There are 2 protein chains.
Amino acid sequence: MADKKNLLLLFDHPTEPVFMDKGGNKTVFEMPDSYMTENYGGLCKSVQKRISADRDPKVFVREISIPDLSYPESLKRNEPFSLFVKSHRQKAGHLIEVFLTLKSVDHLQSVAVYARDRVHPVLFNYALSVALLHRKDTQGLDLPSFWQTFPDRFVDSAVMQKLREESYVVQNIAQRRPIVIPTKYTASDLEPEHRLWYFREDMGVNLHHWHWHLIYPIEITPGADRSIVDKDRRGELFYYMHQQVIARYNAERFSNHLGRVKPFNNLTDTIAEGYFPKMDSLVASRAFPPRFDNTRLSDVNRPVDQLRVGINDMNLWSSRILEAIHQGFVINRNEEKIYLDDVKGIDILGNMIEATVLSPNQTMYGDIHNMGHILIAYSHDPTNRHLEFPGVMGDSSTAMRDPIFYKWHAYIDDIFQEHKRILPAYRADELSYQDMEVLSIKVESRGLQNRLTTFFKESDVDLSRGMDFQPRGNVMVRLTHLQHHPFKYTFVVNNTSGARRYGYARIFMAPKVDENGYEMLFADQRLMMIELDKFLILVPPGRQTFTRDSTSSSVTIPFERTFRDLSNSSETPNTPESQENFFCGCGWPNHMLVPKGRAEGMSFDLFIMVSNYDNDRVDQNGPDGCSTAPSYCGLRDRLYPDRKSMGYPFDRLPRTNVITLDHFLTSNMKTAEITITHDSTIEKLPSLANRNRN
Amino acid sequence: MADKKNLLLLFDHPTEPVFMDKGGNKTVFEMPDSYMTENYGGLCKSVQKRISADRDPKVFVREISIPDLSYPESLKRNEPFSLFVKSHRQKAGHLIEVFLTLKSVDHLQSVAVYARDRVHPVLFNYALSVALLHRKDTQGLDLPSFWQTFPDRFVDSAVMQKLREESYVVQNIAQRRPIVIPTKYTASDLEPEHRLWYFREDMGVNLHHWHWHLIYPIEITPGADRSIVDKDRRGELFYYMHQQVIARYNAERFSNHLGRVKPFNNLTDTIAEGYFPKMDSLVASRAFPPRFDNTRLSDVNRPVDQLRVGINDMNLWSSRILEAIHQGFVINRNEEKIYLDDVKGIDILGNMIEATVLSPNQTMYGDIHNMGHILIAYSHDPTNRHLEFPGVMGDSSTAMRDPIFYKWHAYIDDIFQEHKRILPAYRADELSYQDMEVLSIKVESRGLQNRLTTFFKESDVDLSRGMDFQPRGNVMVRLTHLQHHPFKYTFVVNNTSGARRYGYARIFMAPKVDENGYEMLFADQRLMMIELDKFLILVPPGRQTFTRDSTSSSVTIPFERTFRDLSNSSETPNTPESQENFFCGCGWPNHMLVPKGRAEGMSFDLFIMVSNYDNDRVDQNGPDGCSTAPSYCGLRDRLYPDRKSMGYPFDRLPRTNVITLDHFLTSNMKTAEITITHDSTIEKLPSLANRNRN
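Residues numbered from 1 in each chain as written. Chains lettered and ligands numbered in written order. Predicted model: local features only at pLDDT ≥ 70, side-chain atom pairs only at ≥ 80, totals over all residues. Heavy atoms only, no water.

This part is about unusual backbone geometry. Cis geometry marks the peptide bond from Tyr648(A) to Pro649(A), where omega comes out at 10°. With phi around 60°, Lys26(B) is a residue other than glycine that occupies positive phi space. Among the structural elements, Lys26(B) can be located in the segment before β1 (28-30). For Lys26(B), a relative accessible area of 36% translates into the label partly exposed. One non-glycine residue, Asp435(B), lies in positive phi territory at about 65°. (Helix = DSSP H or I, 4+ residues; strand = E, 2+ residues; numbered from the N terminus. Buried < 20%, exposed > 50% of the residue type's maximum accessible area, 1.4 Å probe, protein only.)

Next comes the structure, spelled out in structure tokens:
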């Protein structure tokens, strides 16, 4: 019987033929002749003989009758594949359904090997990933990160060429040097938006975004089991994850003396911010096209992708969605009213706006989020006149690099906030936790109180799995990313109830003053509140001091998970929890937990609320699930672990007398002013490999 | 003593370190440790041991004291290098001067080996090529074509990736297949300009343009010997070669039912035609940036390249140049008038407009041609805000791919024509050749009279010399290009002088009707006259029939020279005439000699004039020089072999009574109507390598 671990080898070297060696130990798949593509015909065996001596491991692939794959195969392998394009999602959905319904790992291996050189490499990666995550018999696998398989979507194209040089010239791996990615290569200081390079172009940030969309597919084959899409509160998560991205981005903008991001809410406006990604897609062998400064959108009509969307369509959809919000209900396909109440309303809106198969009426409410990405991604060639590929906005693994992503999602968020704005404010008694008082909150880092420090740091990652058609062995890139010294929250709770009580500690942070230097009003500040952590505490009667490490955040995945374990990166380690970890692999990167701050220090309001866990708890059976980063990503196969609305208590307008954060506080809340200082020295890695040993 | 042939190895694999194996037989350069760059330190010897067994040839590089190269080294190796940028030309000029003045081939080899990994790879190629062409002791070398060294500038980026796959997977060279370049990959049929893909993206056409600029450098180091720039009638050649390109392009446009190219004569207009080259520069590891439809130029200010030019500057320069033309003189730096007469005027203007060091006053007349390329090439990022590289218009090896090249040069040509327009018309008696009459002219091809046929044809070329960091051995691309069946001119001359007389036969062709279907007026048609051939004939008394093969054209280089000899492409063959041939390597590709025509046939006026060689001859000593394609390229180290103005007799307005071509004819001229028919079947090459032999 096939070993499920071998399936992971199919992720390696995604554009090389499937018969080439995989993994660090030169494993080859021994496959039936009938599985070979026409392109290589009878070459397979002689090539395998050359690359893999007989002592190297072999995986025997059973010959079975292959289901019809002509629909997913109809997307050409060197065309762009985008989850924002419905016909692409449908093709991927077809392959996912095939993979999910095969009766054994053995059969899955056969079909996957057969399909690998026939379907689009990214579609294959996506479909196989989704299938491995959702099949019962493929649990416990540690899927490689998307950047390991497709590094070209994460790093400067110039680096890819240098890696090719390094692996070709220096075949003694011990003598190889990491290739340093320049810190500022996509624009110059003339471009104010470029101050955010470290956020937009961060590998972890982009990986998070890809992962999120991987675990929340939006399409399934008609008639198939809806469970891979129909996950608990997925529409609300779509809203909340992106809302938090905007909140975080705005905090970074303030850190860089830039105003809040302006929503792109008039699609006939020019887009002032150009973006030149300087990346090449290895699958397409085409550069990701740029967008020049001051580009204007045009109606997209690309029959090849069945894409036809105009600015008029977008305006229709947005006015219908806003009408639904203001009327308080949507009309589904059966002409029924579905009310947008304070519990399910945001979730319904999320599914409508993201336009998943759960949308109550796609004909009516359209496909606004995805089509916004598409209109922007094709602004340089809306009618395929120039046979051009989409820009970075056309793919979830690259979209966050572009300044327009934030302007687009600020607009999407404004629509969601329109709904939140008409919900009743939380009353003080709802917010309170009787007999529970938070007396103080502080953070501590390296002996300093309420002072956090950020800095830049170098890290090495190994891209060898995704470097196709070049000599094997680790090839490292050295990237520079934001980091902060780890810190610890300490807060004191006074439980006067006389009994042990459970509390849900909710920690947020937001800038204290706005871009003009004025103290922020609550109505603005609540939208900039960044969730830092949320966790259960058991409070004994009386005063109790709690501490919590920043690395335990419910928002983030650990640094090591983003950058992977370097020590055995060419292999595929498996630990029992690794599958869970992969699900958690969706999570904000811990190194980006707090905003950069400023050299002179920047003030933030740190906020804690301890809410009554009796009102928040979600009762569910089954295993504890992944608990690494549920805040933005939920839990695998389980309900979202908080009955409150996401973003609570900041997701609605405040009660009438609340002007500033202080007014908002009930006794179970507390704030502290903290300062984030940015230290501009870069934490370098030790010297490069010594080239002088011959 | 060093063998000069080894210098050619330095062109191979231009971005690989100099110590890697070169040539088909794995030659390595054994170089002094002090020549190694910091990057590879002591690795050189162990790498050489790995790649080249001791039996492989070695070239010993002598250690000499290296001249200061810091100025050419100041252009970073992964930046763009462009001959249109003055500071780049100056850096190349410095290196050329160093190469030219070294006392022996031995010294040249040492400095070239030292410089190769330190200066920009294209700058190195350019400077070494110029030096080898001009040094007395390096004559007789067959320099590789530019496309062999830098194939990335000539083919689709997707093909480069497929070549990498082919050479990596299929290491048995006999089993490798050529990679087919799709015929229409840069745009769709929605784009009318794309009908000209076969002309603009032709390898031979672009190679010609690069070559021309290679043999006619425009910059030298101040104080150095001016002879490499100051060649006979180089300014006029600049005018004429480009004028002919426009004439040819217009004939192709008519063939494709498009109107004549519109001069880009108002720099504040938008450029309707976008262009997306879909090529990656391997040197920069960056894609050639596109230009979107309807882009507008902005002032360029890029301090890094010392580039600062505004639309106002361009307007100033053009009005001063036109003022000089209309006044009939230019003012040089010594405040002297230099008259633009009918002999030297066009040459002076050429040097002014191309802005060579021969320009009489660059401060006054500027740098209009080069800066037009620059303004267009940087229209996507004029201020380096986005750290972008120039588009294809920024380099002579790629500029002709872009539709704007022709609009720009149509404007440049209009300026030249302004000068030609005020020269006195040729009188009938000047045009005549007493006692010499041309009785008839016809062409014949495959038995048909006055009917030519064009078609598309596949050819294979080997790109292995320029494919860096991948397994060795030929890797072929199969490209599709225009071709025509060879043909023969037959013309009858009647010499009534009673003595043997020399005549200069001048053959031209132009479309018979304009884009609106009206018979062309001479004033328009003369500008569309394509020179097909020019050759000396010796006419005995009486009637004499002459024939001439189309392959002998004085305009073109042979097909084999453009596509190189495939049989030993990994080596560096040397024949006595190869150096001369290289100079002739500058020449219009023979496969593009005649325009495409139309499926239904397209009428052209074929024109012959036999002029009196006594008035045309240029007396000069020395070897006969290269006589392959002097019409657009001149002769190596010799005078232009025709005393008449280039384009004669069509370079001026006609005498007053001439309305159509017929009126223009004197008895030593004759025309014939010929039809060019395009046969749309593609002449395919035989089947691909058989992959099934194991």
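This part covers empty space enclosed by the protein. Looking at the largest cavity, its volume works out to about 280 Å³. Lining of the largest cavity is provided by 25 residues; of these, Ala287(A), Phe288(A), Pro290(A), Ala287(B) and Phe288(B) occupy positions nearest its centre. Mapped onto the lining of the largest cavity, the elements with two or more residues apiece are β6 (286-287) of chain A together with β6 (286-287) of chain B. When the residues that make up the lining of the largest cavity are grouped by side-chain class, the tally is 15 nonpolar, two polar and eight charged. If you add up the space inside the second largest cavity, you get close to 230 Å³. Taken together, 18 residues form the lining of the second largest cavity, with Arg164(A), Asp280(A), Arg164(B), Asp280(B) and Leu282(B) sitting closest to its centre. Of the residues assigned to the lining of the second largest cavity, the class counts are four nonpolar, eight polar and six charged. (1 Å grid on protein atoms, 1.4 Å probe; cavity = no way out; pocket = protein on both sides within 12 Å on 5 of 7 lines; lining within 4 Å. Points joined across faces, edges and corners; volume = space filled by probe spheres on them. Nonpolar A, V, L, I, M, F, W, Y, C, P; charged D, E, K, R; others polar.)

Under the feature "domain: Tyrosinase copper-binding" (unreviewed entry), the UniProt entry names residues 402-413 of chain A. As a span, residues 402-413 of chain A carries 92% helix and 0% strand, and end to end its C-alpha atoms are 17 Å apart. (UniProt positions renumbered as here; feature names shortened; annotations may be inferred.)

Residues and elements named next belong to chain A. With 11 of 12 residues buried, strand β14 (residues 451-462) is to be regarded as a mostly interior element. Sheet analysis places β14 next to strand β23 (residues 669-683), joined by seven bridges and oriented parallel. Each residue of the ladder has a partner; that of Arg 451, found in β23, is Thr 675. (Pairing = 2+ DSSP bridges.)

The next point concerns the relation of the copies chain A and chain B. For the pair chain A and chain B, the best superposition has an RMSD of 0.0 Å and corresponds to a rotation of 180° with a translation of 0.0 Å parallel to the axis. Those values place the two copies in the arrangement expected of a two-fold rotation axis. Measuring from the rotation axis to each C-alpha of chain A, the shortest distance belongs to Ala287(A), at 2.9 Å. A share of 100% of interface residues in chain A that are also interface residues in chain B marks the association as one of identical surfaces. (Least-squares fit on C-alpha atoms with pLDDT ≥ 70 in both. Contact = heavy atoms within 4.5 Å.)

Turning next to the sheet that holds strand β12 (residues 436-445) of chain B. The pairing of strands in a sheet comes from backbone hydrogen bonds and takes either a parallel or an antiparallel form. Residue and element names in this part refer to chain B. Read from one edge to the other, the open sheet built from four strands follows the order β13-β12-β16-β19, with strand pairing classed as antiparallel. Each having just a single partner strand, β13 (448-449) and β19 (542-549) make up the two edges of the open sheet. With eight bridges joining them, strand β16 (residues 488-495) and β19 adopt antiparallel strand pairing. Its bridge partner lying in β19, Val 492 is registered against Thr 545.

Ordered by their spatial adjacency, four strands build an open sheet running β13-β12-β16-β19 (chain A), and the pairing between neighbours is antiparallel. Every interior strand has two partners, whereas the edge strands, β13 (448-449) and β19 (542-549) of chain A, have only one.

Here we take up the interface of chain A and chain B. With 64 residues of chain A in contact, the opposing surface of chain B contributes 64 residues. Interface area for chain A against chain B, summed over the two sides, is near 5,600 Å², with a carbon-plus-sulfur share of 53%. Of all residues in chain A, Tyr168(A), Arg385(A) and Phe469(A) bury the most surface against chain B, accounting for 13% of the area lost on that side. Joining chain A to chain B, the criterion identifies eight salt bridges. Across the salt bridge formed by Arg385(B) and Asp293(A), the nearest N and O atoms sit 3.7 Å from each other. Looking at the side of chain A that touches chain B, the elements with two or more residues in it are α2 (43-51), α8 (157-169) and β6 of chain A. (Buried area = accessible area lost by both parts, 1.4 Å probe. Salt bridge = Lys/Arg side-chain N within 4 Å of Asp/Glu carboxyl O.)

Turning our eyes to something else, we now look at the state of the cysteines. All names here are of chain A. What the rule picks out here adds up to two disulfides over all chains. Each sulfur of the disulfide joining Cys 586 and Cys 633 lies 2.0 Å from the other. Between Cys 586 and Cys 633, the S-S torsion sits near -75°, and that sign places the bridge as left-handed. With Cys 586 in the loop between α20 (578-585) and β21 (588-589) and Cys 633 in helix α22 (residues 630-633), the pair connects residues that are 47 residues apart, well separated along the chain. Of the two residues, Cys 586 and Cys 633, neither departs from the other in class, the shared state being buried. (Disulfide = S-S within 2.5 Å.)

All names here are of chain A. Position of Asp 12 relative to the elements: it lies in the loop between α1 (6-9) and β1 (28-30). A polar side-chain atom of Asp 12 sits 3.0 Å from the main-chain amide nitrogen of Gly 23. Setting aside anything within four residues of it in sequence, one finds Asp 12 in contact with Lys 22, Gly 23, Arg 116 and Arg 465. (Polar contact = N/O pair within 3.5 Å; in protein donor to acceptor, adjacent residues only side chain to side chain.)

This part is about the nonpolar core. Phe99(B), Trp408(B) and Phe491(B) are the most contacted members of the largest nonpolar core, which totals 203 residues. In this view, Trp408(B) contacts Phe264(B), Leu267(B), Met314(B), Ile368(B), His369(B), Gly372(B), His373(B), Ile376(B) and Met393(B); residues no more than four positions away in its chain are not counted. Formed by 201 residues, the second largest nonpolar core is a distinct cluster that contains Met203(A), Met314(A), Leu349(A) and Ile415(A). (Core = buried A, V, L, I, M, F, W, Y, C linked by side-chain atoms within 4.5 Å.)

Right, let's get into helix α5 (residues 105-116) of chain A. Since the α-helix packs 3.6 residues into each turn, any two residues three or four apart lie on the same face. Residues and elements named next belong to chain A. The first and last C-alpha atoms of α5 sit 16 Å apart over 12 residues, in line with the 16 Å expected at 1.5 Å per residue. Burial of α5 is extensive: 12 of the 12 residues sit out of reach of the surface. Taken as a whole, α5 has its buried residues at Val 105, Asp 106, His 107, Leu 108, Gln 109, Ser 110, Val 111, Ala 112, Val 113, Tyr 114, Ala 115 and Arg 116. Turning to α5, the residues buried within the fold contact α1, β1, β2 (58-60), α3 (70-73), α4 (86-101) and α6 (121-134). (Expected span 1.5 Å × (residues − 1).)

Here we take up the packing of helix α15 (residues 368-377) of chain A against helix α16 (residues 403-421) of chain A. Residues and elements named next belong to chain A. The contact between α15 and α16 brings their axes to 11 Å, and the two run at 155°. The orientation of α15 with respect to α16, classified from their angle, is roughly antiparallel. Crossing hand, α15 versus α16: right-handed. Residues Ile 368, His 369, Gly 372, His 373 and Ile 376 of α15 form the contact with α16, whose own contacting residues are Ile 404, Phe 405, Trp 408, His 409, Tyr 411, Ile 412 and Ile 415. Split into classes, the residues belonging to the contact of α15 with α16 amount to eight nonpolar, four polar and no charged. (Axes fitted to C-alpha atoms, helices over the stretch in contact; angles between N-to-C directions. Parallel < 35°, antiparallel > 145°, perpendicular 65-115°, else oblique. Left-handed = near helix turned anticlockwise from the far one by under 90°.)

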